[in-house]
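A structural walkthrough
Read off the chains here:
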Amino acid sequence: MTFDRENIAQSLVDIDAAMQVINSYRHKDGMISYLISYVKNRDFSTFTEVEIHAELLYAETLLVRAVLTFAEDQDSLVSFVKGAFKIKTCHSLFKELYTCVSDKEAVKTAEERESSGKYYTDEIVGGINIGWGAFLLGLSLLPPKILRLLEFVGLQGDKMLGHNLVVESEKMDIMRSFVAANGLLNYQTIVLQFIKREEYDSNVVDTILAKYLDRYPGSVTFGFYDGRRAVISGELKKAIKLYEKCEESPIDWIQVYHLCYWEKMWCHAMLLQWDQAAFFAQKLYKESKWSRTLFGYQYLAFKFMSDSESNDLEEIATLVPKYQLKIGGKHLHIEKFAIRKARSFLTNDKFLCLPGLELLYIWRFIPLMSRENKEIILQMIEGCLDDIANIVPYHTQHPLDDWFLCNLLLAVVTAELGDHEHALSLLRTALQSEDNIQVDHFYIPYAHFELGVLYARREKTSRLELI
C-alpha cells in the first residue's frame with residue numbers, strides 16, 4: 001500500500017520465496033496429467049489433505065502475486081496482461097478446489113467422512129469458500145455485458161452464492177475468519193456505497209463489528225469500519241471521533257492513518273466545513289503516494305469553497321498533472337478528471353463552479369448529508385445559477401457547462417429532499433441543452449443516469465401503490 005518501488009520489489013522477493021515453499025508440498029502431476037489439466041479439471045481424488053491445503057495456499061499466494069504484478073510496472077501494459085493471466089489461474093484453482101470440497105463434503109456424518117477418507121478441516125473448507133466466494137462476489141459486480149464476455153472465457157459471477165460463502169466462512173471462527181470479516185465489511189461499508197447502496201445490510205455489519213470489537217477493542221482495522229458504519233448512518237461527528245481514536249494507536253503502518261485522513265476529509269466536506277476538509281486533503285497530498293494528483297485537486301477544490309484566502313492554489317493546480325499515475329499502463333479516470341479541472345482553474349482566471357459539491361456528488365456522498373446541509377447546498381446551487389444568468393462577462397469561457405452542472409446538482413439534491421417530479425423536470429431541461437456543452441461532456445451520462453434512477457423510483461412507487 002505504500003506504492004514504494006523498493007517495498008514492492010521486496011514484497012515480490014518474499015512472495016516468490018513463499019511460493020517455492022508451497023510448491024514443495026503440492027501434488028506432483030505427471031506429464032500426461034499436466035497436459036490433460038489444460039482441457040479438463042484435475043482429479044483431486046488422489047490428493048492428500050496436505051496437498052489440497054498446498055493448492056489452497058498456492059491460489060491465495062498467486063492472487064497476491066497478481067496484485068503485485070500490476071504494481072510492479074505501472075507504466076506497462078505487459079504487467080496488466082501478466083496479472084490478468086495470474087488472476088485467471090487463481091479463478092480456475094479456486095473453482096476446482098470448491099468443486100472438490102463440495103463433492104467430498106456431500107458425505108454428511110463425521111463417521112462416514114472418516115471411513116471414506118472424504119474429510120477436510122474447517123481451515124481448508126473455509127479458505128476455499130472465502131477465495132471462491134470472493135471471486136463470485138467480485139465478478140458479479142461487473143456490468144452485465146462485461147460479465148457475459150468473461151463467462152465466455154470461463155469466468156463467472158454469482159452475488160448471492162459468493163456472499164453466502166464468505167459469510168459462512170466468517171462464522172466458522174477459523175484463522176481466515178479475520179480475512180472474511182474484513183472482506184465483508186469492505187464490501188458492505190465501502191463497495192456497496194458506490195454501486196448499490198440499497199443492498200447495504202446493517203445486520204451483517206453490526207454482527208461482525210460487535211464480535212470483533214469485543215474481541216479486539218483496540219483494533220485499528222475494525223475501528224475504521226466502525227467509523228464507516230457511523231458515516232453511513234449519518235453520524236458524521238461520531239465518525240470523526242472514531243477515526244481520531246484509530247489515529248491514536250501507535251502503529252508503523254502509516255497508510256492506515258491515511259485512510260482515516262481520507263474519511264475525515266469527506267466527513268468535514270459533508271458537514272460543509274471546507275477548511276477542515278482542505279486540511280486533510282493537504283495532509284494526504286504531502287504524505288501519501290496513492291494519488292497526489294487527486295489529493296492536490298481535492299485540496300484546491302475544498303479550499304476554493306472556503307471563505308479563507310489561500311496563496312498556493314495556483315501552484316497546486318500547476319503541479320497536479322505532474323504526479324499522474326499509471327496502473328497497468330493506463331491512466332486513472334479520476335486523475336484525468338482532476339487534471340482537467342485543475343487546468344480549467346488556471347485558464348478561467350482561477351475560478352471553478354462549485355468544485356467541492358461536484359466532488360461530493362461524484363463520490364456519492366450527497367445522500368449521506370443531513371437534510372439541513374442539503375438545504376444549504378440547494379441555496380448555494382441556486383445562487384450559482386443566478387450568477388450564470390446575471391454576471392456578464394461570466395467567470396469562465398464555458399458558462400453552459402457550469403449551467404448544466406448546476407442543474408444536475410440541483411436535481412440530485414432536490415430528489416434527495418423528496419421532490420422527485422421537480423428533479424425530473426430539471427434533468428429534462430438540462431438534457432435539452434446537452435449539445436451545447438463544450439468541455440465537460442461527462443456531465444451528460446451522469447444526467448442520463450440520474451434520470452434513469454428517478455424513473456425507476458417512480459415505477460417502483462407506482463407498483464407499490466397498485467399493491
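Right above here is the structure, for reference.
Now for a look at the structure at hand. (Residues numbered from 1 in each chain as written. Predicted model: local features only at pLDDT ≥ 70, side-chain atom pairs only at ≥ 80, totals over all residues. Heavy atoms only, no water.)

1. Some remarks on helix H12 (residues 236–247)
Helix length check: H12 (12 residues) gives 17 Å between terminal C-alpha atoms against 16 Å at 1.5 Å per residue, within 8%. The complete set of buried residues in H12 reads Leu236, Ala239, Ile240, Leu242, Tyr243 and Cys246. Within H12, the buried residues cover an arc of 165 degrees as seen down the axis, which keeps them to one side. Among the exposed residues of H12, those oriented more than 90 degrees off its buried face are Lys237, Lys241 and Lys245. Buried residues belonging to H12 abut helix H11 (220–232) and helix H13 (254–270). (Helix = DSSP H or I, 4+ residues; strand = E, 2+ residues; numbered from the N terminus. Expected span 1.5 Å × (residues − 1). Buried < 20%, exposed > 50% of the residue type's maximum accessible area, 1.4 Å probe, protein only. Arc of directions from axis to C-beta. Contact = heavy atoms within 4.5 Å.)

2. Section: the pattern of salt bridges
Following the criterion strictly, the structure yields 20 salt bridges and no others. Between arginine 215 and aspartate 173 there is a salt bridge, and its shortest N-O distance comes to 3.4 Å. Of this pair, arginine 215 sits in helix H10 (residues 202–215) while aspartate 173 is found in the loop between helix H8 (159–171) and helix H9 (177–195), placing the two residues 42 residues apart along the sequence. Three or more residues are tied together by salt bridges with common partners; here these are Arg340, Lys341, Glu358 and Asp440. (Salt bridge = Lys/Arg side-chain N within 4 Å of Asp/Glu carboxyl O.)

3. A closer look at the side chain of aspartate 440
Take aspartate 440: it is sitting in the loop between helix H21 (420–431) and helix H22 (443–466). Within the structure, aspartate 440 has its side chain in polar contact with the side chain of lysine 341 (distance 3.3 Å). (Polar contact = N/O pair within 3.5 Å; in protein donor to acceptor, adjacent residues only side chain to side chain.)

4. A few points about the nonpolar core
Among the nonpolar cores identified, the biggest contains 107 residues, and Trp266, Met270, Tyr297, Phe302, Leu354, Leu357 and Leu360 are the most heavily contacted of them. In this structure, Phe44, Leu56, Tyr58 and Cys100 belong to the second largest nonpolar core, which totals 25 residues. (Core = buried A, V, L, I, M, F, W, Y, C linked by side-chain atoms within 4.5 Å.)

5. Remarks on empty space enclosed by the protein
The probe, sized like a water molecule, is rolled over the atoms to show the empty space still left. Scanning the entire structure with this criterion turns up one cavity of 30 Å³ or more. Around the largest cavity, the lining residues are Glu358, Tyr361, Ile362, Leu405, Leu408, Phe442, Tyr443 and Tyr446. Put simply, the parts of the chain that give the lining of the largest cavity at least two residues each are helix H18 (355–362), helix H20 (399–416) and H22. Ranked by the residues each element gives to the lining of the largest cavity, the list is headed by H18, at three residues. (1 Å grid on protein atoms, 1.4 Å probe; cavity = no way out; pocket = protein on both sides within 12 Å on 5 of 7 lines; lining within 4 Å. Points joined across faces, edges and corners; volume = space filled by probe spheres on them.)

6. Comments concerning H8
For H8, built from 13 residues, the straight-helix expectation of 18 Å at 1.5 Å per residue is met to within 8% by its first-to-last C-alpha distance of 19 Å. Among the residues of H8, those classed as buried are Gly162, His163, Leu165, Val166, Val167, Ser169 and Glu170. For H8, the N-terminal capping position is held by aspartate 158, with its side-chain oxygen 3.4 Å away from the main-chain nitrogen of methionine 160. Where H8 terminates, the next one or two residues include aspartate 173, which has phi positive at roughly 55 degrees.

7. Brief notes about the packing of aromatic side chains
Taken as a whole and assessed by the stated rule, the structure comprises 27 aromatic pairs. When the ring of tryptophan 266 is compared with that of phenylalanine 365, the centres are 4.8 Å apart and the planes differ by 25 degrees; the resulting orientation is stacked. Of the two residues, tryptophan 266 is situated in helix H13 and phenylalanine 365 in the loop between H18 and helix H19 (371–390); the sequence distance between them amounts to 99 residues. This pair shows no difference in class: tryptophan 266 is buried, exactly as phenylalanine 365 is. Site record: aromatic cluster; members linked through ring pairs are Phe194, Trp262, Trp266, Trp274, Phe295, Phe302, Trp363 and Phe365. (Phe/Tyr/Trp six-rings, centres within 6.5 Å; stacked < 30°, edge-to-face > 60°.)

8. What about the environment of aspartate 312?
Positionally, aspartate 312 belongs in the loop between helix H15 (292–305) and helix H16 (313–319). Taking C-alpha positions, aspartate 312 is 8.7 Å from leucine 300, a pair spaced 12 residues apart along the chain. In this structure the side chain of aspartate 312 is engaged in a polar contact, spanning 2.4 Å, whose partner is the side chain of serine 310.

9. Quick look at the side chain of serine 177
Locating serine 177 in the fold gives a position in helix H9. Accessibility expressed as a relative area gives 1% for serine 177, which makes it buried. Within the local environment of serine 177, its side chain forms a polar contact with the backbone oxygen of glutamate 170, the two atoms lying 3.3 Å apart. When neighbours within four sequence positions are excluded, serine 177 is seen to be in contact with Ser169, Glu170, Met172 and Tyr212.

10. Section: a nonpolar patch on the surface
A cluster of nonpolar residues, Val21, Tyr25 and Val50, forms a patch on the protein surface that exposes about 310 Å² of accessible area. Turning to its location among the elements, valine 50 is positioned in helix H3 (residues 49–72). Since its relative accessible area comes to 51%, valine 50 is described here as exposed. (Patch = residues over 30% accessible without salt bridge, like charges linked within 9 Å, V, L, I, M, F, W, Y side chains within 5 Å. Areas by Shrake-Rupley, 256 points an atom, 1.4 Å probe, with all protein chains shown as cover.)

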